[in-house]
Amino acid sequence: MSENKQDWNLDWPRALGGAAITADFRSEPEDFVVDELAAPLEGEGEHVYLHIRKRGANTGYVAQQLAQLAGVQSNDVGFFGLKDRHAVTTQWFSVWLAQKPEPDWKRLENEEVQVLQHFRGQRKLRRGEHLGNRFEIRLRNVQGDRAAAEAVLERIATGVPNYFGEQRFGHEGGNLNLVETMLAEQAAGKRRRTPRNQKAFAMSAARSWLFNQVLARRIEQGNWQVALEGEPEPIPTGPLWGRGRNLAADAQLKLESEAMEPWKPWCDWLEHCGLSQERRGLVLQPEGFQYLWQGDDLTVTFALPPGTFATALLREVAELVNQSDRAIK
């Protein structure tokens, strides 16, 4: 279902002066290290919590292997969030065993997966319930104006635009193409059953696209870090579209309506999908941001809350040449 293929412009406006350097991104899995931050997991119960380090393996694959090893259904395996494949990541999983015997978790291990620890717990781990993620990212072969890049790096701690990253939209905007296809079929009166996971990807991509449109407009006007007249929250926010009235008013409502007007069919579709309208902060505030030059390489470390994207920060610093696209093909 991707007949309506388009060239999507994902080069959103930057806010801190523009990327003055180019750099190779994800040359090796070790260049993108992510550690999941979770509150203490304690207590006896029917679930087993596993702290796992993986390299070059995606979260879904590990969850599937856990289910097979434990002899349970895939929905009996929980985790806080999806982690990148072309990376070295540590994350938590839960497996509901009920009365089943506990397997030898070391059988899961291979060159890609290592079980760091495991113990019993009382509940399934669910998406977004963790505290956040800590990143250590190495950008290689940096070229360009290093002094200008330094000026941007010194401003990062004050906040960056909280864009949804390109990965939300799929390879070459494939999830956005899916939205267009579904809308075209609906307009033509066609009833094709879309797999639930595909529809979920499409809805998420559509909401993210609309949010990014509003944030881009705010950056162009230079007011993305301040609350406008009519802001419904104490901080600057943008809409995650769905059913219900937009809580913004006055100047903010006018700006958001104008930014989303070209995408009104998408707004109507999201309302009929049953999603409730929400708000998302426009400013992404990294914690503990540090950077280090090592010859022609730049390493940055920082922590972000759940549901935010490291690439939203990195794109303010550099034009990224993603090497993992070549590595995975």
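Residues numbered from 1 in each chain as written. Predicted model: local features only at pLDDT ≥ 70, side-chain atom pairs only at ≥ 80, totals over all residues. Heavy atoms only, no water.

Engineer: Explain the overall build of the chain here, please?
Structural biologist: Within the chain, the regular secondary structure consists of eight helices and 14 strands. Taken against the 2.2 N^0.38 rule, which gives 20 Å for 329 residues, the C-alpha radius of gyration of the chain at 21 Å falls within 12% of a compact globule. For the chain, the spread of C-alpha atoms along the three principal axes comes to 60 × 60 × 40 Å. A buried classification covers 47% of the 329 residues belonging to the chain. When contacts within the chain are restricted to residue pairs at least 6 apart in sequence, long-range pairs at least 24 apart make up 83% of them. (Helix = DSSP H or I, 4+ residues; strand = E, 2+ residues; numbered from the N terminus. Rg over C-alpha atoms; globule rule 2.2 N^0.38 Å. Buried < 20%, exposed > 50% of the residue type's maximum accessible area, 1.4 Å probe, protein only. Contact = heavy atoms within 4.5 Å.)

Engineer: Mind showing me how you'd approach the packing of helix H3 (residues 174-187) against helix H6 (residues 264-272) here?
Structural biologist: Close contact between H3 and H6 brings their axes to 11 Å; oriented N to C, the two are set at 80°. If you check the angle between H3 and H6, you find them roughly perpendicular. Where H3 approaches H6, its residues Leu 176, Val 179, Glu 180, Met 182, Leu 183 and Gln 186 are matched on the opposing element by Pro 265, Trp 266 and Trp 269. Of the residues belonging to the contact of H3 with H6, the class tally is seven nonpolar, one polar and one charged. (Axes fitted to C-alpha atoms, helices over the stretch in contact; angles between N-to-C directions. Parallel < 35°, antiparallel > 145°, perpendicular 65-115°, else oblique. Nonpolar A, V, L, I, M, F, W, Y, C, P; charged D, E, K, R; others polar.)

Engineer: How do you make sense of the pattern of salt bridges when you look at a structure like this?
Structural biologist: Evaluation of the coordinates by the stated rule reveals 18 salt bridges. Lys 106 is paired through a salt bridge with Glu 109; the nearest N and O atoms lie 3.2 Å apart. A salt bridge links Asp 297 to Arg 140, with the shortest nitrogen-to-oxygen separation between them at 3.5 Å. With Asp 297 in strand S13 (residues 297-304) and Arg 140 in strand S7 (residues 132-144), the pair connects residues that are 157 residues apart, well separated along the chain. (Salt bridge = Lys/Arg side-chain N within 4 Å of Asp/Glu carboxyl O.)

Engineer: Teacher, can you tell me more about the packing of aromatic side chains here?
Structural biologist: The geometry of an aromatic ring pair is captured by the separation of the ring centres together with the interplanar angle, meaning the angle of the planes. Overall, the coordinates contain 20 aromatic pairs when judged by the stated rule. On the basis of an interplanar angle of 80° and a centroid distance of 5.4 Å, the ring pair of Trp 209 and Trp 263 is categorised as edge-to-face. With Trp 209 in helix H4 (residues 196-221) and Trp 263 in the loop between helix H5 (250-260) and H6, the pair connects residues that are 54 residues apart, well separated along the chain. Residue class for Trp 209 comes out buried when judged on its relative accessible area of 4%. Between the aromatic rings of Phe 289 and Phe 302, the centroid separation amounts to 6.3 Å while the plane-to-plane angle is 35°, which identifies the pairing as tilted. A residue pair is termed long-range when its members are at least 10 positions apart, and Phe 289 in strand S12 (residues 287-294) and Phe 302 in strand S13 qualify at 13 residues. (Phe/Tyr/Trp six-rings, centres within 6.5 Å; stacked < 30°, edge-to-face > 60°.)

Engineer: Would you explain the pairing of S13 in this entry?
Structural biologist: On a regular strand, each side chain points to the face opposite its neighbour's, so the side chains alternate between the two faces of the sheet. The buried count for S13 comes to seven of eight residues, which makes it a mostly enclosed element. With antiparallel pairing between neighbouring strands as the criterion, S12 and S13 make up a hairpin whose turn holds two residues, including Gly 295 at a positive phi of roughly 65°. (Pairing = 2+ DSSP bridges.)

Engineer: Where do I start with helix H1 (residues 59-70) in this structure?
Structural biologist: With 12 residues, H1 ought to run about 16 Å at 1.5 Å a step, and its terminal C-alpha atoms sit 17 Å apart, in line with that. On its buried side, H1 packs onto strand S3 (47-55), strand S4 (77-79), strand S5 (88-96) and strand S6 (113-121). Following H1 by one or two positions, Gly 71 adopts a phi angle in the positive range, close to 70°. (Expected span 1.5 Å × (residues − 1).)

Engineer: I keep staring at the side chain of Gln 252 and nothing clicks. Help me out?
Structural biologist: The topology assignment puts Gln 252 in helix H5. Discounting chain neighbours no more than four positions away, the residues touching Gln 252 are Arg 218, Leu 228, Glu 229, Gly 230, Glu 231, Pro 232, Thr 237 and Arg 279.

Engineer: Would you mind going over the side chain of Ser 208 with me for this structure?
Structural biologist: With respect to the element layout, Ser 208 can be found in helix H4. Residue Ser 208 is classed as buried on the basis of its relative accessible area of 1%. A distance of 2.7 Å separates a polar side-chain atom of Ser 208 from the backbone oxygen of Ser 204. Not counting chain neighbours up to four residues away, the residues in contact with Ser 208 comprise Phe 164, Arg 168 and Phe 169. (Polar contact = N/O pair within 3.5 Å; in protein donor to acceptor, adjacent residues only side chain to side chain.)

Engineer: Help me out: how do you make sense of the state of the cysteines in this one?
Structural biologist: Each disulfide is one covalent bond, formed between the sulfur atoms of two cysteines. One pass over the full model with this rule turns up zero disulfides. You can see Cys 267 has no disulfide; the closest cysteine sulfur is in Cys 273, sitting 12 Å from it. (Disulfide = S-S within 2.5 Å.)

Engineer: Explain H5 here, please?
Structural biologist: Those residues of H5 lying buried are Gln 252, Leu 255, Glu 256, Ala 259 and Met 260. Along the axis of H5, the buried positions cluster into a sector of 120°, meaning they face one direction only. Packing partners of the buried residues in H5 comprise H4, strand S9 (237-240), H6 and strand S10 (278-281). (Arc of directions from axis to C-beta.)

Read these as geometric descriptors, not functional statements.
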